[in-house]
Amino acid sequence: MKSLIINQYSTMHALMSGVFDGMFAIAEISQGGSFGIGCSHALAGEMIALDDTFFEIQGAGNVRRFSEYDQLPFAQLTYFNPSEQFPVSDISKKDLYSELSAQVNIDNIFAAVKIEGIFKKVWLRRTNYQKKPYKTFIEAIVEQSEETLHNVSGVLVGFWTPDIFHGISVAGFHIHFIDDERKNGGHVFDFELKNGLLSYEPKQNIKIHLPENSEYINADLTVDDLDNAIRKAEG
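Now for a quick tour of the structure. Since this is a predicted model, take the numbers as computed values, not measurements. Every chain is numbered on its own, with residues counted from 1 as its sequence reads. Predicted model: local features are reported for residues with pLDDT of at least 70 only, side-chain atom pairs are reported and counted for 80 or more only, and whole-chain, interface and lining totals are derived from all residues. Hydrogens and waters are ignored; side-chain quantities use all the structure's heavy atoms.

1. Notes on the overall build of the protein chain
Just so we agree on the cut-off: Runs of E in the DSSP output that reach at least two residues are strands. Runs of H or I that reach at least four are helices, and both are numbered from the N terminus. For this measure, only C-alpha atoms enter the radius of gyration; the expected value for a globule follows 2.2 Å times N^0.38, where N is the number of residues. Whether a residue is buried, partly exposed or exposed follows from its accessible area with a 1.4 Å probe, protein chains only, as a fraction of its type maximum: under 20%, in between, or over 50%, in that order. Positive: Lys, Arg. Negative: Asp, Glu. His and the chain ends are not part of the count. By convention, charge coordinates are those of NZ in Lys, CZ in Arg, CG in Asp, or CD in Glu.
A count of helices and strands for the protein chain gives six helices and 14 strands. Taken over the C-alpha trace, the protein chain has a radius of gyration of 16 Å; the compact-globule value for 235 residues is 18 Å, and the two agree within 12%. Within the span of the protein chain, comprising 235 residues, buried residues form 58% of the whole. Here the protein chain contributes 20 positive and 32 negative side-chain charges, whose respective centroids are spaced 4 Å apart.

Written as structure tokens, this is what we have:
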């Protein structure tokens with residue numbers, strides 16, 4: 001299915017504020033795309049959607065497939081039909097903008113991005129299960145699990161968001177990783193790619209789906225210095 005829309009479920013304000021309960025079932029959000037990222041109920045792990053399969057990468061590094069009944073507090077999804085793909089080598093996360101902008105002007109639009117390849121190093125974060133009353137996201141990630149994988153084959157999945165939309169989403173590149181064996185991965189702080197294939201698709205629209213439950217409706221979504229909170233959370 002061809003689509004220029006990124007479907008976003010909930011908001012960064014809500015996630016940063018500590019609205020961690022699952023509110024969107026996989027069966028529902030899968031109608032909005034089969035490619036994307038998100039997080040688990042109660043921050044039990046990171047989500048990556050690839051090839052019509054939704055994976056949960058838990059804090060300890062265990063990987064499982066979500067069922068259609070599992071619910072998430074936040075996700076971004078689309079249908080991925082790459083406009084172009086080209087080989088890349090010896091790049092890190094900071095090089096992604098220059099690599100992609102050499103192909104297409106992405107300053108004012110969104111883009112879905114995938115990199116398949118062999119990585120010298122991938123520095124990962126995985127959130128850990130939170131108990132109520134929930135902390136803010138920044139407080140919760142003090143307990144996050146971090147790991148650096150070396151010499152691993154896998155795929156990066158994520159989105160580019162222009163600066164003008166920071167707060168609605170995460171400005172810059174927000175990417176998750178899963179290895180080829182589907183046994184490890186997480187939110188990507190940084191990486192060093194040996195060689196691989198970069199695919200991308202410009203996206204002109206983002207559609208926000210707000211939760212309907214009382215936790216979201218009655219939440220105080222005020223976040224002090226939201227910009228800094230998001231950037232600290234993303235690494």
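2. Some points on the sheet that holds strand E5 (residues 53-58)
The condition that has to hold: Being paired, for any two strands, means DSSP has found at least two bridges between them. Angles run from 0 to 180 degrees between N-to-C directions of axes, and those axes are lines fitted to C-alpha atoms, restricted for helices to the stretch in contact.
Read across the open sheet, the seven strands follow the order E6-E5-E4-E3-E8-E1-E14; overall the sheet is mixed. Bordering the open sheet on either side are strand E6 (63-65) and strand E14 (205-209), each of which pairs with just one other strand. Between one strand axis and the next, the sheet turns through 15 degrees on average, direction left out of account. Here six bridges tie strand E4 (residues 45-50) to E5, and the two strands are oriented antiparallel to one another. For Ile48, the partnering residue across the bridge sits in E5 and is Phe55.

3. Structural notes on the nonpolar core
Note the cut-off: Buried Ala, Val, Leu, Ile, Met, Phe, Trp, Tyr and Cys residues form a nonpolar core when they are joined through side-chain atoms within 4.5 Å.
Counting 25 residues, the largest nonpolar core has Phe119, Phe177, Phe191 and Leu198 as the members making the most contacts within it. Sorting the residues of this core by element identifies strand E9 (84-92), helix H3 (96-101), strand E10 (110-126), strand E11 (145-161), strand E12 (172-179) and strand E13 (185-203) as the ones contributing at least two each. With six residues, E10 is the single largest residue contributor to this core. Counting residues in hydrophobic clusters, the runner-up holds 16 residues, among them Leu15, Ala42, Tyr134 and Phe137.

4. Remarks on the pattern of salt bridges
Applicable threshold: The rule for a salt bridge is simple: a side-chain nitrogen of Lys or Arg has to be within 4 Å of a carboxyl oxygen of Asp or Glu.
Counted by the stated rule, this structure contains 11 salt bridges. For Asp21, the salt bridge identified is with Lys132, shortest N-O distance 2.7 Å. With Asp21 in the loop between helix H1 (12-17) and strand E2 (24-25) and Lys132 in the loop between E10 and helix H4 (137-140), this pair connects stretches of sequence that are 111 residues apart. Classification of Asp21 by relative accessible area gives buried; the value is 13%. Lys203 is paired through a salt bridge with Glu201; the nearest N and O atoms lie 3.0 Å apart.

5. Structural notes on the pairing of strand E1 (residues 5-9)
Counted residue by residue, E1 has four buried out of five residues, so it is predominantly covered. As paired elements, E1 and E14 share five bridges and run parallel to each other. Pairing of Ile6 across the sheet is with Ile206, part of E14. One ladder, built from three bridges, connects E1 with strand E8 (residues 74-78); its direction is antiparallel. Note on E8: the bridge partner recorded for Gln8 is Gln76.

6. Section: empty space enclosed by the protein
It is the rolling of a water-molecule-sized probe over the atoms that shows where space remains empty. Condition: Space inside and on the surface of the protein is sampled on a 1 Å grid over the protein atoms alone, with a cavity defined as a set of points where a 1.4 Å probe fits but cannot get out and a pocket as an open set with protein on both sides within 12 Å along at least 5 of 7 lines; lining residues have an atom within 4 Å of a point. Grid points are joined across faces, edges and corners, and a volume is the space filled by probe spheres set on the points. Three classes are used: nonpolar for Ala, Val, Leu, Ile, Met, Phe, Trp, Tyr, Cys and Pro, charged for Asp, Glu, Lys and Arg, and polar for all others, with Gly counted as polar.
Per the counting criterion, the structure on display carries one cavity of 30 Å³ or more. Around the largest cavity, the lining is made up of 15 residues, and of these Leu15, Glu46, Arg125, Phe137 and His174 lie nearest the centre. Every element with two or more residues in the lining of the largest cavity is listed here: H1, strand E3 (35-39) and E12. If one sorts the elements of the lining of the largest cavity by residue count, H1 sits on top with three residues. Looking at side-chain class alone, the lining of the largest cavity contains seven nonpolar, five polar and three charged residues.

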